[in-house]
Amino acid sequence: MLIWWYIVQGFAAEFNQALSLILNGDAELWAIVLLSLRVSIFAVLISAVIGMPIGAALAVARFPGRRVMIILVNALMGFPPVVVGLLVYLMLSRSGPLGVLELLYTPTAMIIAQVVLVTPIMAALTRQVVEMLAEEYSEQLRSLGVSRLASVPVLLWDARLALVTALLAGFGRAIAEVGAVIIVGGNINHVTRVMTTTIALETSKGNLALALALGVILIGLAVVVNAMVSTLTLRAEREGLRHA
Amino acid sequence: MIPDFIRVSVVALGLTTGIGWADEPFIIVQSTTSTQNSGLLDYILPGFEAETGIDVRVVAVGTGQAIRNAVNGDGDVLLVHAKPAEEQFVADGWGVERFDVMYNDFVLVGPKSDPANVKGGSDIVEALATVAGGEAPFVSRGDDSGTHKAEMRHWGAAGIDPTGASGTWYREAGAGMGATLNVASGMGAYVLTDRATWLSFGNRGDLEVLVEGDPRLFNQYGVTLVNPEKHPGVRATAGQRFIDWLIGPDGQAAIDSYMLDGQQLFFSNAK
């Protein structure tokens, strides 16, 4: 709290300017916020489509190397975004294997980078949830004659609320990330400039007001996302109790 | 070759997201932080875009990184400020031809208290030697940018290798000009900066210009088309059109008319 007070004191003018930019609905600012949301929401949805089946398969299937794969997926959750950015850049560069697709410095490139970052989170969290449920229901499913793999859709459906939590966690990682998207997006005005890259740019210009305004919006989004997570977790727990 | 399923899924991704597949023609310009942070490009580009309908997408990084990106073919036009490195870029076949565009100058800024007592001088080499002699804090870009290359030339002329003192009085920020100025402003250090970024910088704190006017502080910008023979994907026609505009009367006039607080930041000098 004390630190926050010092910040507000030291940058009172910038902070007021930041608030007025937000409250007056500055068009440029909101275009940046909207692009950030579009990129990260698409990235999270695609990550879910890829990561959740992988996570569920890791939870129920039994095959050699499974433990190694689980460790790998868990470790990939902490993959440094800058390295992801570099790898995606090398793939999409005109000198790279996918260069002919002309995707570098487009929002699609940023979505790809965020998918690489978020998919391990989806897979790891899904694996945990589904594994727990699979153990809980193993006798029931076996008595109904459902094979392990065939039980995946049922388990995923049953875990849906917990999986929404995974979605939100992935969204949190995607929207707050700067290292990867600045490399593959290039921070091009009106094309690939999102909230985090604008914060980096405006800070480097010494324009602390706009940087701070975007920081406030990012914190606001984080609060909203966390509130949604806790509400859903609470609901999931209540429904869990009702089942029991 | 790329498997069809990847091609199809990428196109599908582009279609569903509806972004990144603009119809309008565009070029990608690899440029430096100084041209963007100073606001110059935001000021002159709308004129070219209105005249030609070509959208200019600027990737602003340090000169060293801009050149490396251009070597990889990730840009159509290179607009940077390190003439020897640019000429090497052309000599190696990566660029078609380099043209002078404009100039401004570097200045040495530092804290008003001026612990090394260099204020008012116009000899950059002598000033740097004094800073080093007194071990006064100095922040370097440290990122192989045009400004960093220029700084290293002046240290070389003074016969000093400051990197030996890296981490003590000599700090390598490894960042863009603005970010480096933020560091210098925060720790009250000396720093070499281009005048345009300095004039448009909003967080000067206790810093002021101490040494200026040395002919060796001249800062030349050049523009080069990335060679389409090396990278067939280069948008050569649109890129050349931009270069012709930039070094032609309209572009040169636009550069000269950019003012900030009544001061001209860049001076056209295309031949």
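Conventions and cut-offs
Residues numbered from 1 in each chain as written. Chains lettered and ligands numbered in written order. Predicted model: local features only at pLDDT ≥ 70, side-chain atom pairs only at ≥ 80, totals over all residues. Axes fitted to C-alpha atoms, helices over the stretch in contact; angles between N-to-C directions. Helix = DSSP H or I, 4+ residues; strand = E, 2+ residues; numbered from the N terminus. Parallel < 35°, antiparallel > 145°, perpendicular 65-115°, else oblique. Left-handed = near helix turned anticlockwise from the far one by under 90°. Contact = placed C-beta atoms within 7 Å. Buried ≥ 20, exposed ≤ 12 C-beta atoms within 10 Å, placed from the backbone. Domains from an automatic or database assignment. Nonpolar A, V, L, I, M, F, W, Y, C, P; charged D, E, K, R; others polar. Expected span 1.5 Å × (residues − 1).

## A look at the packing of helix 4 (residues 66–76) of chain A against helix 6 (residues 107–143) of chain A
Residue and element names in this part refer to chain A.
Thinking step 1. Two numbers describe how helix 4 lies on helix 6: the axes approach to 8 Å, and their chain directions differ by 130°. As far as their axial angle goes, helix 6 and helix 4 are oblique. Crossing hand, helix 4 versus helix 6: left-handed. Between helix 4, through Ile70, Val73, Asn74 and Leu76, and helix 6, the contact on the second element is made entirely by Pro120, Ala123, Ala124 and Arg127.

## Some remarks on the interface of chain A and chain B
Thinking step 1. Residue-level contacts link 27 residues of chain A with 26 residues of chain B.
Thinking step 2. When residues of the side of chain A that touches chain B are traced back to their parent elements, those giving at least two are helix 3 (27–60), helix 6 and helix 10 (195–204) of chain A.
Thinking step 3. Per-element accounting of the side of chain A that touches chain B gives the leading share, three residues, to helix 6 of chain A.

## Some details on helix 10 of chain A
Thinking step 1. Counting buried residues in helix 10 of chain A gives eight out of 10 residues, a clear majority hidden from the surface.
Thinking step 2. The positive-phi residue at the C-terminal boundary of helix 10 of chain A is Gly206 of chain A, with phi of around 75°.

## Considerations on the environment of Gln252 of chain B
All names here are of chain B.
Thinking step 1. Relative to the helices and strands, Gln252 resides in helix 11 (residues 249–256).
Thinking step 2. Sequence separation between Gln252 and Arg216 is 36 residues, and the spatial gap between their C-alpha atoms is 24 Å.
Thinking step 3. Leaving out residues up to four positions away in the same chain, Gln252 has contacts with Ile247, Ser268 and Ala270.

## Focus: the domain arrangement of chain B
Residues and elements named next belong to chain B.
Thinking step 1. Along its sequence, chain B is carved into domain 1 (25–103 + 220–268) and domain 2 (105–217).
Thinking step 2. Taken over C-alpha atoms, the centre of domain 1 sits 26 Å from the centre of domain 2.
Thinking step 3. The interface is formed by 19 residues belonging to domain 1 together with 14 residues belonging to domain 2.
Thinking step 4. Considering every element that reaches the side of domain 1 that touches domain 2, the biggest residue donor is helix 2 (residues 33–37), with three residues.
Thinking step 5. The class makeup of the residues in the side of domain 1 that touches domain 2 is seven nonpolar, 11 polar and one charged.

## Looking at helix 3 (residues 40–52) of chain B
All names here are of chain B.
Thinking step 1. Its 13 residues place the ends of helix 3 19 Å apart at the C-alpha level, agreeing with the 18 Å of an ideal helix rising 1.5 Å per residue.
Thinking step 2. Along helix 3, the positions that sit buried rather than exposed are Leu40, Ile44 and Leu45.
Thinking step 3. Along its buried surface, helix 3 packs onto helix 2, strand 2 (55–61), helix 9 (195–200) and helix 11.
Thinking step 4. Positive backbone phi, at 75°, marks Gly53, one or two positions downstream of helix 3.

## Re unusual backbone geometry
Backbone phi values are negative for most residues with the exception of glycine, while trans is the configuration of most peptide bonds.
Thinking step 1. We note that Asn117 of chain B has phi near 60°; this positive angle belongs to a residue other than glycine.
Thinking step 2. Structurally, Asn117 of chain B can be placed in the loop between strand 4 (95–111) and helix 6 (124–133).

## Quick word on the packing of helix 3 of chain A against helix 6 of chain A
Residues and elements named next belong to chain A.
Thinking step 1. Two numbers describe how helix 3 lies on helix 6: the axes approach to 5 Å, and their chain directions differ by 35°. Between helix 3 and helix 6 lies a crossing whose hand is right-handed.
Thinking step 2. Tallied by class, the residues present in the contact of helix 3 with helix 6 amount to 25 nonpolar, seven polar and two charged.

## Here's the deal with the environment of Tyr89 of chain A
Residues and elements named next belong to chain A.
Thinking step 1. Along the chain, Tyr89 falls in helix 5 (residues 81–92).
Thinking step 2. Given 21 C-beta atoms within a 10 Å radius, Tyr89 is considered buried.
Thinking step 3. When the C-alpha positions of Tyr89 and Val181 are compared, they lie 9.8 Å apart, and in sequence the two are 92 residues distant.
Thinking step 4. Ignoring sequence-local partners within four residues, the contact set of Tyr89 consists of Leu104, Ile183 and Val184.

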